[in-house]
Amino acid sequence: MNFVIDWLTFFLIEQPEGEGGAKHVRMSRFLSGDEYQKSELRPFLDGEFARFAKRKVEPNPKSEASPTKLGRFVLEEGHPLESNPNYALLQRLLAAETPGESREPCQELVQSYLRTSQVRGGVLLVVRTRLETLDDRYVFILKCDFEQKTAIITDEHSLIANVNMAISAKNMKSLMYPHMVEQGMNDPYHVKIHQFSHARYFEEFMRFIEYPQTLTQLVSEEVLSLARQHIEYVYPEETEERQRAEEEIELIAASPKRELAEKWEHDTVMEAAQIITERQPEAELKFKLDHMQVRALLADYGINLHIAKTNGRYVVLLEGDALQFERGVSPVEFAKPKSLHEVISEIEERSRSCSAAPPAADPDDRPPWE
């Protein structure tokens, strides 16, 4: 995958001390394709365009921390794609054939970027490229932050020289438009963005692009929808019980941590899980049993993962073909597994012993003569 550079715009963004934090463009340069080939930027950027284009991206990321995402242009109902200001600006950049034609839309872009909160100093690059074989046009927007306390070895006399404004492609933020589904197939409704930083400002500077819900958010909404349908089925009339059940669902939706509710029968849970996994096969199931963490797929529930209860205590059963260990050898790795019946008998016996044991004396519940 070889990208040819048609033109490149270079903006140096600074935040000088004593100016109230106001950032501004200290320097800008507009390079043609031939000028780029002769510039110092070529070895710096060579390979970065193909590397970013090949990054895998999911329609719905597994978590907010996913560095690569697909952004979609926000559209008002009944309005065409051209009505979106960000789409219109990117189209102007795609249509610009020379550095001179790119000057005005690039200036608009960098001013929009400077208005974004939490923007850091560094270098902003706007590049129009094309695939050498297919002649498809793409716009890349790249941001390199300044590296702090950078030093380089120079020669045997000065040894070390400080570099105040060093930049690196290592954690470079990137936006590509249009989204390349595969070579020869482009999606004009989406942009692809890559950002490792926890500060999401590179997502925010184009305000009319929205990013999809995570897989976790989608599954949560689906579960709540199924729960509300179940309440309507169990309580068809507007009763106090139904109102209480609906309030409980709202509390569950707002709570960051929840305990097992013990409301649905196993068959009902399996039906709900099947509905979700048919749409989201990679939906995860994560929970804690006391201090122990369990992480599986929702599709494992009832097949490879089982939840039971004995004498008021929860039991989680996991089954599979291979049992592997990572790092740090432990004696458990040498164990000969007991039969399932033996383990269940021991659990039940231990549970009975715990429930039969007399409760510990309360130190505050003592007779007056002590």
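In this text the structure is predicted, and so the values were computed from the model without any measurement. (Residues numbered from 1 in each chain as written. Predicted model: local features only at pLDDT ≥ 70, side-chain atom pairs only at ≥ 80, totals over all residues. Heavy atoms only, no water.)

(A) Structural detail: the state of the cysteines. Tallied over the entire structure, the rule returns zero disulfides. Just so you know, Cys106 is unpaired, no disulfide at all, and the nearest cysteine sulfur is the one on Cys144, 16 Å from it. (Disulfide = S-S within 2.5 Å.)

(B) Here's a closer look at the packing of aromatic side chains. Following the criterion strictly, the structure yields twelve aromatic pairs and no others. Aromatic side chains Phe52 and Phe140 sit 6.2 Å apart centroid to centroid with 65° between the ring planes, which places their arrangement in the edge-to-face category. With Phe52 in helix H3 (residues 48-53) and Phe140 in strand S5 (residues 137-147), this residue pair connects regions lying 88 residues apart in the sequence. Assessed through its relative accessible area of 4%, Phe52 is described here as buried. Positioned above the aromatic ring of Phe30, the side-chain terminus of Arg103 is 4.0 Å from the ring centre. Above the ring of Phe52, the side-chain terminus of Lys192 is found at 5.2 Å from the ring centroid. (Phe/Tyr/Trp six-rings, centres within 6.5 Å; stacked < 30°, edge-to-face > 60°. Helix = DSSP H or I, 4+ residues; strand = E, 2+ residues; numbered from the N terminus. Buried < 20%, exposed > 50% of the residue type's maximum accessible area, 1.4 Å probe, protein only. Lys NZ or Arg CZ within 6 Å of the ring centre and 35° of its normal.)

(C) Spotlight on the pairing of strand S17 (residues 313-318). Sheet topology places strand S16 (residues 305-310) next to S17; six bridges connect them, and they run antiparallel. Residue Thr310 lies in a different strand from S17, and its bridge partner there is Arg313. The antiparallel hairpin formed by S16 and S17 contains two residues in its connecting segment, where Asn311 sits at a positive phi of about 50°. (Pairing = 2+ DSSP bridges.)

(D) Examining the nonpolar core more closely. Of all hydrophobic cores here, the largest spans 31 residues; its most connected members are Leu90 and Ile141. Ranked by size, the runner-up nonpolar core spans 26 residues in total, among them Phe49, Tyr138, Phe140 and Met172. (Core = buried A, V, L, I, M, F, W, Y, C linked by side-chain atoms within 4.5 Å.)

(E) How the structure looks around the pattern of salt bridges. Taken as a whole and assessed by the stated rule, the structure comprises 22 salt bridges. For Asp6, the salt bridge identified is with Arg128, shortest N-O distance 3.0 Å. Taken together, the residues Asp6 in strand S1 (residues 3-14) and Arg128 in strand S4 (residues 122-131) connect sequence positions 122 residues apart. Note on accessibility: Asp6 and Arg128 belong to one class, buried. The residue Asp145 makes a salt bridge to Lys173 at a minimum N-O spacing of 2.7 Å. Note that Asp145 is positioned in strand S5 and Lys173 in strand S9 (residues 173-177), a separation of 28 residues in sequence. We classify Lys173 as buried; its relative accessible area is 4%. (Salt bridge = Lys/Arg side-chain N within 4 Å of Asp/Glu carboxyl O.)

(F) Main features of the environment of Phe146. Turning to its location among the elements, Phe146 is positioned in strand S5. With 25 residues separating them along the chain, Phe146 and Gly121 place their C-alpha atoms 6.5 Å apart. Once you skip the residues sitting within four places of it in the chain, Phe146 turns out to touch Leu12, Ile13, Arg120, Gly121, Gly122, Met165, Ala166 and Ile167. (Contact = heavy atoms within 4.5 Å.)

(G) Looking closely at helix H5 (residues 99-114). Between its first and last C-alpha, H5 extends 21 Å over 16 residues, near the 22 Å set by a 1.5 Å rise per residue. Taken as a whole, H5 carries its principal kink of about 35° at Pro105. Taken residue by residue, H5 has Pro99, Ser102, Pro105, Cys106, Leu109, Val110, Ser112, Tyr113 and Leu114 as its buried positions. Check the buried side of H5 and you find it contacts S1, strand S2 (24-32), helix H4 (85-95), S4, S5 and helix H6 (201-204). (Expected span 1.5 Å × (residues − 1). Bend = angle between axes of the 7 residues up to and from the residue.)

(H) Looking closely at helix H7 (residues 215-234). Compared with an ideal rise of 1.5 Å per residue, which puts 20 residues at 28 Å, H7 spans 29 Å between its outermost C-alpha atoms and is within 8% of the ideal. Among all positions of H7, only Leu215, Val219, Glu222, Leu224, Leu226, Ala227 and Ile231 are buried. Contacts made by the buried residues of H7 are with helix H8 (240-254) and helix H9 (266-279).

(I) Highlighting a nonpolar patch on the surface. A cluster of nonpolar side chains, contributed by Ile153, Leu159 and Ile160, occupies part of the molecular surface with about 340 Å² of accessible area. Secondary-structure assignment places Leu159 in the loop between strand S6 (150-153) and strand S7 (160-163). (Patch = residues over 30% accessible without salt bridge, like charges linked within 9 Å, V, L, I, M, F, W, Y side chains within 5 Å. Areas by Shrake-Rupley, 256 points an atom, 1.4 Å probe, with all protein chains shown as cover.)

So yeah, pure geometry; function would need other evidence.
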